[in-house]
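# Residue-level structural notes
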Amino acid sequence: MAKEKPKRVTPQILKGFRDYSPKEQIAREEMLGKVREVFELMGFLPLQTPSLEFAQTLLGPHYSPDSLAELFGFLGPDKVEMALRYEFTISLARYVASQPNLPLPFRRYQYGNVWRVDKPGPGRYREFMQFDIDIVGTNNILADAEIIAAMVTTFDHLGVRNFKVRFSNRKILNGILRWAGVPPDKGPDVLRVIDKLEKQGEDAVLRELGSGRIDSSGDKIIGLELQGDIIARLDEFLSKPTLEHCEQLLSTLNHETESPLVGIEELRKIEQILGSLEIDYTKYSIDPTIVRGLGYYTGPVFETTLLDMPDYGSVFSGGRYDNLISRFSSQPLSGVGASIGIDRLLAALIELKALSLREATSSVLVTIMEQDKLAEYLKIVQELRSSGIASEIYVGETKNLTKQIKYADKVGIPFAVMVGSDEFAANTVTIKNLKAGGKKSTETEDRSQWLAAEGVQEQIPRSSLVTYLKSKLAL
């Protein structure tokens, strides 16, 4: 009886998910490390919360099966309804509410994957990484300025020079809506249209506030059908969105509740603080048209644009929110924070060449030329590692030196250490610089010239190995 062939599983990936190759992940870890350095330099504390939360935690006490379907939700063990987190802020609120003795203000950072059941598209995935910072438990505008300072410092530390952090205040925008006479039920829709100002331009925004427009693809964008006098007032704001102009417009309002002029005072205070912190004033600016999260933010809001890569949109954004823990407690508690879209920023930094794509974590490959000398090769690799030089020993099965060198070249290891019978006898080592060799091989096909080229291959005393490699690797 013929033996049944085992069934194979197709090596495929779920829609909206992706793998990260080693070189992409190395770059991502490098970027995460630099961001983390900035946040810890400014006193933010690491927090890690579970990827899975109770559905009630994420959706509130009145959620339904339909709302659970909006997340990656399911019935878990013990018939508990749960879901994968779609952001960090709710988990932060849950944590703060559960820690009555937590020292406030609480400065925390957190990064990791989040999941959303959004429609996948180019550069849009259902699993992606975020990196958040928040300051919880204070209404002091100094906290808002600290977040903006962290944003500017982060990009400086990442080696990005051409960027701008712009910030506004939702109190001002809410006041502008009142001043313009926008009906309260139309306010969120108007703000959504204003949010398109940078990408679509003022004319397109005004058309969408009115009868509608035709977009670049030829599709009809339905307008809000606002009255002409309302659109004219909004145009007056959009045509000159300066803080002084906003102050002039808003000073005519009767203030039944908190004056939107408070928002103007807050932005000026933020500017003063950033100046005292000596944050480069060319890296930030006030822009009253910045909207951000319509039902979320209640005070200053901010976003960062890479000026050389405007199509990437905002890569680091956030703002102030009130009633952070209202879902879990009656205690009033506000906060301010910002979030980096790690995957979007990573793609932008790679394109800007602010991050290098390294193929390997090892800097050195110790080859094996004499099988009976394995213990000696192991001593060499351990000596390198003990000296802080990232190294690996060839663990493949081939005894062919050329194939071992090709392996190192293929995975991006820049140096190979070779010790054969001659080197053992003379107490020397031969070091091949694979990057220099690859460059030289494009210039000549003559092997003797290639070997004679400076820096391609050198024989040095065994005792100089660590010193030599450290100088080459700038360690």
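Thresholds, definitions, all that
- Residues numbered from 1 in each chain as written.
- Predicted model: local features only at pLDDT ≥ 70, side-chain atom pairs only at ≥ 80, totals over all residues.
- Heavy atoms only, no water.
- Buried < 20%, exposed > 50% of the residue type's maximum accessible area, 1.4 Å probe, protein only.
- Helix = DSSP H or I, 4+ residues; strand = E, 2+ residues; numbered from the N terminus.
- Arc of directions from axis to C-beta.
- Contact = heavy atoms within 4.5 Å.
- Pairing = 2+ DSSP bridges.
- Phe/Tyr/Trp six-rings, centres within 6.5 Å; stacked < 30°, edge-to-face > 60°.
- Lys NZ or Arg CZ within 6 Å of the ring centre and 35° of its normal.
- Salt bridge = Lys/Arg side-chain N within 4 Å of Asp/Glu carboxyl O.
- Axes fitted to C-alpha atoms, helices over the stretch in contact; angles between N-to-C directions.
- Parallel < 35°, antiparallel > 145°, perpendicular 65-115°, else oblique.
- Left-handed = near helix turned anticlockwise from the far one by under 90°.
- Nonpolar A, V, L, I, M, F, W, Y, C, P; charged D, E, K, R; others polar.
- pLDDT = per-residue confidence, 0-100.
- Polar contact = N/O pair within 3.5 Å; in protein donor to acceptor, adjacent residues only side chain to side chain.

## Let's talk about helix α19 (residues 465-473)
Taken residue by residue, α19 has Leu465, Val466, Tyr468 and Leu469 as its buried positions. The arc that holds every buried residue of α19, seen down its axis, measures 165°, which confines them to one face. Summarising the geometry of α19, the exposed residues directed more than 90 degrees from the buried face are Thr467 and Ser471. Buried residues belonging to α19 abut β14 (364-366), α14 (374-386), β16 (415-418), β17 (428-433) and β18 (457-461). Within two residues after α19, alanine 474 carries a phi angle of roughly 55°, on the positive side.

## Looking at the pairing of strand β5 (residues 106-115)
The buried count for β5 comes to 7 of 10 residues, which makes it a mostly enclosed element. Two strands pair when backbone bridges link them, and strand β1 (residues 45-46) and β5 are joined in this way by 2 bridges, in the parallel orientation. Paired with leucine 45 across the two strands is arginine 108, which belongs to β5. Pairing between β5 and strand β6 (residues 127-136): 10 bridges, direction antiparallel.

## Quick word on the packing of aromatic side chains
Scanning all chains against the criterion turns up 12 aromatic pairs. Between tyrosine 95 and phenylalanine 106 the ring centres are 6.1 Å apart and the planes differ by 35°, which places this aromatic pair in the tilted class. In this pair, tyrosine 95 is assigned in helix α4 (residues 89-97) and phenylalanine 106 in strand β5, connecting sequence segments 11 residues apart. On the basis of relative accessibility, which here comes to 7%, the residue phenylalanine 106 falls in the buried class. Each member of the aromatic cluster is reached from another via a ring pair, and the members are Phe39, Phe44, Tyr109, Tyr111 and Phe131. Of note, arginine 107 hangs over the ring of phenylalanine 44, and the distance from its end group to the ring centre comes to 4.7 Å.

## Some points on the pattern of salt bridges
This structure, assessed with the given rule, holds 21 salt bridges. Salt-bridge contacts for glutamate 146 lead to arginine 107; the nearest nitrogen and oxygen are separated by 2.8 Å. One end of the pair, glutamate 146, is in helix α5 (residues 141-157); the other, arginine 107, is in strand β5, and 39 residues separate them in sequence. Among the ionic pairs, arginine 108 bridges to aspartate 134, the shortest N-O distance being 2.8 Å. Here aspartate 134 lies in strand β6 and arginine 108 lies in strand β5, a separation of 26 residues in the sequence. The pair arginine 108 / aspartate 134 is uniform in exposure class, with both members buried. Bridged by salt links that share partners, the residues Arg166, Glu198, Asp287, Arg292 and Glu303 form one connected network.

## A closer look at the packing of helix α6 (residues 170-180) against helix α11 (residues 243-250)
Where α6 contacts α11, the axes come no closer than 10 Å and their chain directions differ by 45°. Between α6 and α11, the angle is such that the two are oblique. Handedness of the α6/α11 crossing: left-handed. On the side of α6, the interface is formed by Ile172, Gly175, Ile176 and Trp179, while α11 contributes Leu243, Cys246, Leu249 and Leu250. Partitioning the contact of α6 with α11 into residue classes produces 7 nonpolar, 1 polar and no charged.

## A word on the confidence of the model for the chain
With 94% of its residues at a pLDDT of 70 or more, the chain shows a mean pLDDT of 90. Ranking the elements of the chain by mean pLDDT puts helix α18 (residues 447-452) last with 52 and β1 first with 98.

## Observations concerning the side chain of asparagine 169
Checked against the element boundaries, asparagine 169 lands in strand β7 (residues 163-169). By relative accessible area, which is 0% here, asparagine 169 ends up buried. Of note is the side chain of asparagine 169, whose polar atom sits 3.4 Å from the backbone oxygen of glycine 263.

## Brief notes about the sheet that holds β16
Strands sit in the order β15-β14-β16-β17-β18 across an open sheet of 5 strands; the sheet is mixed. Each having just a single partner strand, β15 (391-393) and β18 make up the two edges of the open sheet. Between one strand axis and the next, the sheet turns by 25° as a mean value, whatever way the strands run. When β14 meets β16, the two strands line up parallel, connected through 3 bridges. Paired with leucine 365 across the strands is alanine 416, a residue of β16. Running over the sheet, α14 touches β14 and β15 and is turned about 165° from β15.

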